[in-house]
Amino acid sequence: MIKVYALTLAALIAMQIAPGPNLIAVAAEGMSRGRKAALLVALGVSCGAVIWVILAALGLGFVIQRQPEILTGLKLVGGTYLLWIGCRALYAAARGKSIRIPQADRLETGLASWRRGLLVVMSNPKAALGWTAIASFMFGSRLSAPQVAAFAPVAALSAMVVYGAYAILFFTGTASRAYQRFWRGVELVFGGVFGAMGASLVVSGLREYRT
């Protein structure tokens, strides 16, 4: 079991390090709202990893193979959410007003940051496909459902370390000063990336729905 865990962790870290919605969400939060908010996004992603492990232990791959419309629905929901984030950033840049939440609203801001991380990772169809592959490997290595579920703390810690490091990286003095100076352009880039990802997922989901 330890050997399977080690191989799974290596694959998971590679998946987490690769650029994607999770990384962009952490980076955007770190540069616009600060290190604490970015760490809360990372915590949300970490909590999402636990949920994905539990779903994998319950037979995620089997369910998706038998009910492919679940993945199609995930693409539509996830794509719409990413489009909303992207449009929000583009709207703020177009108006010339930062989407930074006032400091007086710290508690709500913290909850919103955590929720944003959780929603991004849970609405990402690539995460579903990635965990389907990981679940197939773990079950193929003759691990039981409880043993797969026991991997949850490892996945959560890995996500927190990887995305926590990104959160700190994007809150360096240089990054913070760059954002303060070029925040409008940064929001345009983030909005464009999120929007493109969201539109791609929605289009893919609609095509699958029609067929």
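Heads up: these notes are all about the structure in this document. (Residues numbered from 1 in each chain as written. Predicted model: local features only at pLDDT ≥ 70, side-chain atom pairs only at ≥ 80, totals over all residues. Heavy atoms only, no water.)

## Examining helix α2 (residues 21-33)
A turn of α-helix holds 3.6 residues, and therefore any two residues three or four places apart point the same way. Definition in use: We count a stretch as a helix when DSSP gives it H or I for four or more residues in a row; a strand needs E for two or more, and each element gets its number in order from the N terminus. The span one expects for a helix is its residue count, reduced by one, times 1.5 Å. Exposure is judged per residue with a 1.4 Å probe applied to protein chains only, and the accessible area is read against the type maximum: over 50% gives exposed, under 20% gives buried, and values in between give partly exposed.
Here α2 is 13 residues long and its end C-alpha atoms lie 17 Å apart, about the 18 Å a rise of 1.5 Å per residue gives. Counting buried residues along α2, 13 of its 13 residues qualify, which places the element largely inside the surrounding structure. After α2 finishes, the residue Gly34 shows a positive phi value of roughly 110°.

## A look at the packing of aromatic side chains
Two descriptors summarise a pair of aromatic rings, namely the distance from one centre to the other and the angle between the planes of the rings. For clarity, the cut-off: Geometry of aromatic contacts follows a simple scheme: Phe, Tyr and Trp rings, the Trp one being its six-membered ring, pair when their centres are within 6.5 Å, and the pair is stacked under 30 degrees between planes, edge-to-face over 60, tilted otherwise.
Going through the model one piece at a time under the given rule, you end up with two aromatic pairs. Centroid distance Tyr5 to Phe151: 5.2 Å. Interplanar angle 70°. Geometry classified as edge-to-face. You can see Tyr5 sitting in helix α1 (residues 2-17) and its partner Phe151 sitting in the loop between α8 (145-149) and α9 (152-169), a full 146 residues away along the chain. A relative accessible area of 14% places Tyr5 in the buried class. Where Tyr163 meets Tyr166, the ring centres are 6.3 Å apart and the plane angle is 40°; that geometry is what we call tilted. Linking Tyr163 with Tyr166, this pair stays in helix α9, spanning three residues, or about one helical turn. Pair check on accessibility: Tyr163 and Tyr166 agree, each one buried.

## Details of the nonpolar core
Counted only if it meets this: The nonpolar core is taken to be a set of buried Ala, Val, Leu, Ile, Met, Phe, Trp, Tyr and Cys residues, with the residues joined through side-chain atoms within 4.5 Å.
Counting 43 residues, the largest nonpolar core has Val26, Trp52, Trp131, Met138, Phe151, Ala155 and Tyr163 as its most contacted members. Secondary-structure elements contributing two or more residues to this core are α1, α2, α3 (35-57), α5 (69-95), α6 (106-122), α7 (125-140), α9 and α10 (173-210). At eight residues, the largest contribution of residues to this core is made by α3.

## A look at the pattern of salt bridges
Rule in force here: Each reported salt bridge corresponds to a side-chain nitrogen of Lys or Arg within 4 Å of a carboxyl oxygen of Asp or Glu.
Here the structure, examined in full by the defined rule, presents one salt bridge. Note that Glu29 and Arg116 form a salt bridge whose closest N and O atoms lie 3.1 Å from each other. Here Glu29, found in helix α2, pairs with Arg116, found in helix α6; they are 87 residues apart in sequence, far enough to count as distant. Given a relative accessible area of 2%, Glu29 falls into the buried group.

## Looking at the packing of α5 against α7
Note the cut-off: Helix axes are fitted only over the stretch in contact, all axes being lines through C-alpha atoms; the angle between N-to-C directions runs from 0 to 180 degrees. When checking whether two residues touch, look at their non-hydrogen atoms; a contact exists if any pair is within 4.5 Å. The classification used treats Ala, Val, Leu, Ile, Met, Phe, Trp, Tyr, Cys and Pro as nonpolar, Asp, Glu, Lys and Arg as charged, and all other residues, Gly among them, as polar.
Following both chains from N to C, one finds α5 and α7 inclined at 145°, their axes separated by 9 Å at the closest point. Facing α5, whose interface residues are Leu71, Leu74 and Lys75, α7 presents Pro125, Ala128 and Leu129. For the contact of α5 with α7, a count of residues per class yields five nonpolar, no polar and one charged.

## Structural notes on the environment of Leu9
Positionally, Leu9 belongs in helix α1. On a C-alpha basis, the gap between Leu9 and Ala155 in space is 7.3 Å, while along the polypeptide they are 146 residues apart. Setting aside residues up to four positions removed in sequence, Leu9 forms contacts with Phe151, Val154 and Ser158.

## Some details on a nonpolar patch on the surface
Stated formally: Patch definition: residues above 30% relative accessible area lacking any salt bridge, with like charges linked at up to 9 Å and the nonpolar side chains Val, Leu, Ile, Met, Phe, Trp and Tyr linked at up to 5 Å. Where accessible areas are quoted, they stem from the Shrake-Rupley method and a 1.4 Å probe; at the residue level, only the protein chains shown are allowed to cover.
Where nonpolar side chains cluster on the molecular surface, the patch consists of Ile51, Ile54, Leu55 and Leu58 and spans about 340 Å² of accessible area. Take Ile51: it is sitting in helix α3. Looking at Ile51, the relative accessible area reads 37%, which means it is partly exposed.

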